[in-house]
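# Coordinate inspection notes
What follows is each chain in one-letter form.
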Amino acid sequence: MSQHTIGARIGFEGVGVHNGALVELSLHPAEPDTGIVFHVFEESGLVQEIRAISSNVSSTDLSTIVGDRRGAHVATIEHIMAALYAMDVDNVVVQIDGNEIPIMDGGSDMFVRAIESAGLVAQRAPRRFLKVLKPVRVELNGGYAEYRPFEGTRFEIEIDFATAAIGRQRFAADLTPATFRDQLARARTFGFMKDVERLWASGHALGSSLENSVVIGDDDRVINPDGLRYEDEFVRHKTLDAVGDQALAGARVLGCYRSYKGGHRLNAMALQALLADPAAHAFIEAPARRAEPGRQSGMAAIAVPALGPQTI
């Protein structure tokens, strides 16, 4: 029930699924109560700091973007946020030399495996929880999303697409590190060939490929040579996205999140509605456990110097 950070620096390199730009990303251990913070390196060498919280969400078109009033922003944060949230990482600094998180394998699997390899460090600070006290519901374009009281963290996600390749699918589970790793992390983002030219024209999907995305062709069939990773990979990826978007609550949510025909916009609307209603939620703290013997309790287990954008 105590806060945790990662046990070592973690580095990644990849392309953004929308801007197609090569980016270097690194995760660094952080002090208790830091939360998840993005450090965006600009060409001038200046570092812009953006906290990964709901109030900093600036766009939910195609992905979740956080930014500040100065124009600094980071796009497509949902997959790495889902990995950090599901794997019990409370405090970390994410350094990035671009404006979009690399798509990697299309889901959260590479982030999860790296976090597990680095290990976690317990910190002498209590973990914060956001407890759902009463139902909160929002609706949009025939879909809905809602929070309900629940003793734990649960997701119940349902999708309904007018294509034979997807159709109506539902996924429901209590969120644990094992559940996320084994049942959700490998689920890839997906899209339709009929939308590709429009997305390219608008500057999106420039880094998408059959290695990081499930693509449905004009004949309503999955065109990836290796097929699907899960029979219901589409709803599992929507669940993964919901986990990442909920991570912007700034605390662990104790409640059940349900959605039908949801997406980033509905996820953001539901969380904002919950946070806006004082009668619907309460922030609570749990007693912190003692740090493990041989581990440092306010900092990571190893010293990590400040790194510039050229380091990975």
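Notes on the structure follow.

The rules behind each value
- Residues numbered from 1 in each chain as written.
- Predicted model: local features only at pLDDT ≥ 70, side-chain atom pairs only at ≥ 80, totals over all residues.
- Heavy atoms only, no water.
- Helix = DSSP H or I, 4+ residues; strand = E, 2+ residues; numbered from the N terminus.
- Rg over C-alpha atoms; globule rule 2.2 N^0.38 Å.
- Contact = heavy atoms within 4.5 Å.
- Areas by Shrake-Rupley, 256 points an atom, 1.4 Å probe, with all protein chains shown as cover.
- Lys, Arg positive; Asp, Glu negative; His and termini not counted.
- Charge placed at Lys NZ, Arg CZ, Asp CG, Glu CD.
- 1 Å grid on protein atoms, 1.4 Å probe; cavity = no way out; pocket = protein on both sides within 12 Å on 5 of 7 lines; lining within 4 Å.
- Points joined across faces, edges and corners; volume = space filled by probe spheres on them.
- Nonpolar A, V, L, I, M, F, W, Y, C, P; charged D, E, K, R; others polar.
- Pairing = 2+ DSSP bridges.
- Salt bridge = Lys/Arg side-chain N within 4 Å of Asp/Glu carboxyl O.
- Buried < 20%, exposed > 50% of the residue type's maximum accessible area, 1.4 Å probe, protein only.
- Core = buried A, V, L, I, M, F, W, Y, C linked by side-chain atoms within 4.5 Å.

Here we come to the overall build of the protein chain. Helices and strands together make up the secondary structure of the protein chain, namely six helices and 19 strands. In terms of C-alpha radius of gyration, the protein chain reaches 19 Å, essentially the compact-globule figure of 20 Å for 312 residues. Seen along its three principal axes, the alpha-carbon backbone of the protein chain occupies a region of about 60 × 45 × 35 Å. In the protein chain, 74% of the contacts between residues at least 6 apart in sequence involve partners at least 24 apart. For the protein chain, the exposed area adds up to about 14000 Å²; of that, 49% sits on carbon and sulfur atoms. One way to put it: in the protein chain the 31 positive side-chain charges average out to a point 7 Å from where the 40 negative ones average out.

This brings us to empty space enclosed by the protein. Taken as a whole and assessed by the stated rule, the structure comprises three cavities of 30 Å³ or more. Estimated volume of the largest cavity: approximately 50 Å³. In terms of lining residues, the largest cavity is bounded by Ser54, Val57, Thr60, Thr64, Asp245, Leu248, His264, Ala268, Leu271 and Gln272. Taken together, the residues that form the lining of the largest cavity break down as four nonpolar, five polar and one charged.

Pairing is antiparallel in the open sheet, where three strands are placed in the order β6-β7-β8. In this open sheet, the two strands that pair with only one neighbour each are β6 (57-59) and β8 (73-74). Where strand β7 (residues 65-67) lies against β8, two bridges are found, and the strand directions are antiparallel. In the sheet register, valine 66 faces β8, and the bridge partner there is valine 74.

What follows is about the layout of surface pockets. For the largest pocket, the calculated volume is near 1300 Å³. What lines the largest pocket is a set of 47 residues, and nearest its centre among them are Leu62, Thr189, Phe190, Gly191 and Lys238. Sorting the residues of the lining of the largest pocket by element identifies α1 (78-86), β14 (153-160), β16 (189-192), α4 (196-201), β17 (213-216), α5 (233-246) and α6 (264-276) as the ones contributing at least two each. The element that contributes the greatest number of residues to the lining of the largest pocket is α4, accounting for five residues. Looking at the lining of the largest pocket, its residues break down into 19 nonpolar, 18 polar and 10 charged.

Turning next to the pattern of salt bridges. Under the definition given, this model contains 22 salt bridges. A salt bridge links aspartate 88 to arginine 252, with the nearest nitrogen and oxygen atoms 3.4 Å apart. Separated by 164 residues along the polypeptide, aspartate 88 in the loop between α1 and β9 (92-96) and arginine 252 in strand β18 (residues 252-260) bring together distant segments of the chain. Residue classification places aspartate 88 among the partly exposed positions, given a relative accessible area of 26%. Taking relative accessible area as the criterion, arginine 252 reaches 9% and is therefore assigned buried. The residue aspartate 174 makes a salt bridge to arginine 154 at a minimum N-O spacing of 2.8 Å. One end of the pair, aspartate 174, is in strand β15 (residues 168-174); the other, arginine 154, is in strand β14, with 20 residues separating them in the sequence. Since its relative accessible area comes to 35%, aspartate 174 is described here as partly exposed.

Right, let's get into helix α2 (residues 109-118). Of the positions making up α2, those classed as buried are Asp109, Phe111, Val112, Ala114, Ile115 and Ala118. Two residues or fewer after α2 comes glycine 119, characterised by a positive phi angle close to 80°.

What follows is about the nonpolar core. One broad rule of soluble globular proteins: the nonpolar side chains tend to lie buried together. Grouped together as the largest cluster of nonpolar side chains are 73 residues, with contacts concentrated most on Leu27, Phe38, Val74, Met81, Ile101 and Phe180. For this core, the element with the most residues is α1, which contributes seven residues. Sequence-distant contacts of leucine 27, that is, excluding residues within four places in its chain, are made with Ile6, Ala8, Arg9, Ile10, Phe12, Ile80, Leu84, Val92, Val93 and Val94.

Take the pairing of strand β4 (residues 36-41) next. Sheet faces and side chains relate simply in a regular strand, where the side chains alternate between the two faces. Of all the six residues making up β4, six are buried; the element is thus mostly covered by neighbouring parts of the structure. Neither face of β4 is left uncovered, since the one carrying Ile36, Phe38 and Val40 and the one carrying Val37, His39 and Phe41 both have all their residues buried. Note that β4 and β9 share five bridges and pair parallel. Looking at β9, one finds that isoleucine 36 is bridged to valine 92. Bridge count between β4 and strand β5 (residues 47-51): five bridges; the pairing is antiparallel. For phenylalanine 41, the partnering residue across the bridge sits in β5 and is valine 47. The hairpin formed by β4 and β5 contains five residues between the paired strands, and glycine 45 there has a positive phi angle of roughly 95°.

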